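Spelled out, the chains give:
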Amino acid sequence: LQIKPMVVGGIDRIQIDEPIDKQDILSSSSVALGNGLIKDIKNIIYIDPKKFDPAKSKVIAKEIEKINRQIPKDEKYILIGPGRWGSSDPWLGIPVEWDQISKAKVIIEYGMKSFPVDPSFGSHFFQNLTSMRLGYFTVDHNSKTDLFDFNWLKKQTIIEDKTYTTCYNLEHPLRIKIDGTTGNGIILKPIFPDLEPMNEQETSGI
């Protein structure tokens, strides 16, 4: 039995109750850890489900480590992949150590019909999530509300493309909201300069 709080850091509640057009959403999760707003992420490290091979999960971890080193010290990224991040069993997910993904600010684990693994819900990195105020999304492929727009991501600028791992860099930052009281999380696609910016009174709490 594991018991852990859904709110990871932060004081101000970020509510996700306004109507949002589905085409503006990169990802949403009904099981997210964290609380608050992040609006400065332009990098995404992504494991394409079509490239993923559980037998190569240790190789994938090494690819991620190399990209993690290349990310500038003052920048963070969203890490996206299948199964359990940090699992000790390489057949259940990608067995990364924290040092290999140290610049990640938000971690997403997504489910696959061809890779039916129970989600970890951040168990392997829970101490890092709490102490460093990170966000953690679980995207259930069987859920009617959880989603990830893989097609949109693939149209973005690639800065590093390895055998299993791709790193994207966006021209404008993403907006990540996590409501720690409900466990709902959402990642919104960039707002472009000609659109109205977000309310600056929303403060980061993650």
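See the structure printed just above.
Please read these numbers as outputs of a predicted model, since none were measured by experiment.

**Comments concerning the overall build of the chain**
So, point 1. The helix and strand tally for the chain stands at 3 helices and 10 strands.
So, point 2. When the elements of the chain are put in sequence order from the N terminus, they spell out β-β-β-α-β-β-α-β-β-α-β-β-β.
So, point 3. Buried positions account for 49% of the 206 residues belonging to the chain.
So, point 4. Long-range contacts, defined here as pairs at least 24 residues apart, represent 78% of the contacts in the chain between residues at least 6 apart.
So, point 5. Of the roughly 10,700 Å² that the chain leaves accessible, carbon and sulfur atoms contribute 49%.

**Section: helix α1 (residues 57-70)**
Think of an α-helix as 3.6 residues a turn; residues three or four steps apart then line up on the same face.
So, point 1. When the terminal C-alpha atoms of α1 are compared, their 20 Å separation across 14 residues agrees well with the 20 Å that a helix rising 1.5 Å per residue should span.
So, point 2. Among all positions of α1, only Ser57, Ile60, Ala61, Glu63, Ile64, Glu65, Ile67 and Asn68 are buried.
So, point 3. Tucked inside the fold, the buried residues of α1 contact β3 (36-47), β4 (77-82), β5 (104-110), β8 (157-161) and β9 (165-179).

**Focus on the pattern of salt bridges**
Where charged atoms from two side chains of opposite charge approach closely, those side chains can pair.
So, point 1. In total, this model carries 6 salt bridges according to the counting rule given.
So, point 2. A salt bridge links Asp161 to Lys51, with the shortest nitrogen-to-oxygen separation between them at 3.4 Å. Residue Asp161 is located in strand β8, and its partner Lys51 is located in the loop between β3 and α1; the two are separated by 110 residues in the primary sequence.
So, point 3. With its nearest N and O atoms 3.8 Å apart, the salt bridge here joins Lys62 to Glu65. Within this pair, Lys62 and its partner Glu65 are both found in helix α1, separated by 3 residues, close to a single helical turn.
So, point 4. The class for Glu65 is buried, based on a relative accessible area of 18%.
So, point 5. Within this structure, Lys62, Glu65 and Arg69 form a network of salt bridges that share partners.

**What to know about the side chain of Ser27**
So, point 1. By the secondary structure assignment, Ser27 is in strand β1 (residues 25-29).
So, point 2. Residue Ser27 is classed as buried on the basis of its relative accessible area, which comes to 0%.
So, point 3. A polar contact of 3.1 Å, which involves the side chain of Ser27, links it to the backbone oxygen of Leu147.
So, point 4. Setting aside anything within four residues of it in sequence, one finds Ser27 in contact with Ile108, Phe137, Val139, Leu147, Phe148, Gly185, Ile186 and Ile187.

**Description of the packing of aromatic side chains**
So, point 1. The final tally for this structure, using the stated rule, is 5 aromatic pairs.
So, point 2. With 5.4 Å between their ring centres and 80° between their planes, Tyr110 and Phe150 make a pair best called edge-to-face. Note that Tyr110 is positioned in strand β5 and Phe150 in helix α3 (residues 150-153), a separation of 40 residues in sequence.
So, point 3. Tyr110 sits in the buried class, given a relative accessible area of 5%.
So, point 4. Between Phe148 and Phe150, the aromatic rings sit 4.8 Å apart at their centres with planes inclined by 50°, giving tilted as the arrangement.
So, point 5. Of the residues examined, Phe148 reaches a relative accessible area of 10% and is grouped as buried.

**Description of the pairing of β9**
So, point 1. Where burial is concerned, most of β9 is hidden: 12 out of the 15 residues are buried.
So, point 2. By the bridge criterion, 4 bridges tie β8 to β9 in an arrangement that is antiparallel. Each bridged residue has a counterpart across the sheet, and for Ile158 the counterpart in β9 is Tyr168.
So, point 3. Relative to strand β10 (residues 184-188), β9 is paired through 5 bridges, and the arrangement is antiparallel. Looking at the pairing, Lys177 lines up with Ile186 of β10.
So, point 4. Taken together, β9 and the strand that follows it, β10, pair antiparallel across an intervening segment of 4 residues, in which Gly183 is found at a positive phi of about 80°.

**Some thoughts on the nonpolar core**
So, point 1. Residues Ile44, Ile64, Ile78 and Ile176 are the most contacted members of the largest nonpolar core, which totals 45 residues.
So, point 2. At the level of secondary structure, the elements contributing two or more residues to this core comprise β2 (31-33), β3, α1, β4, β5, β6 (135-139), α3 and β9.
So, point 3. When near neighbours in sequence (up to four residues on either side) are disregarded, Ile64 contacts Ile45, Ile47, Leu79, Trp85, Ile94, Val96, Gln100, Ile101 and Thr165.

Conventions we followed
- Residues numbered from 1 in each chain as written.
- Predicted model: local features only at pLDDT ≥ 70, side-chain atom pairs only at ≥ 80, totals over all residues.
- Heavy atoms only, no water.
- Helix = DSSP H or I, 4+ residues; strand = E, 2+ residues; numbered from the N terminus.
- Buried < 20%, exposed > 50% of the residue type's maximum accessible area, 1.4 Å probe, protein only.
- Contact = heavy atoms within 4.5 Å.
- Areas by Shrake-Rupley, 256 points an atom, 1.4 Å probe, with all protein chains shown as cover.
- Expected span 1.5 Å × (residues − 1).
- Salt bridge = Lys/Arg side-chain N within 4 Å of Asp/Glu carboxyl O.
- Polar contact = N/O pair within 3.5 Å; in protein donor to acceptor, adjacent residues only side chain to side chain.
- Phe/Tyr/Trp six-rings, centres within 6.5 Å; stacked < 30°, edge-to-face > 60°.
- Pairing = 2+ DSSP bridges.
- Core = buried A, V, L, I, M, F, W, Y, C linked by side-chain atoms within 4.5 Å.

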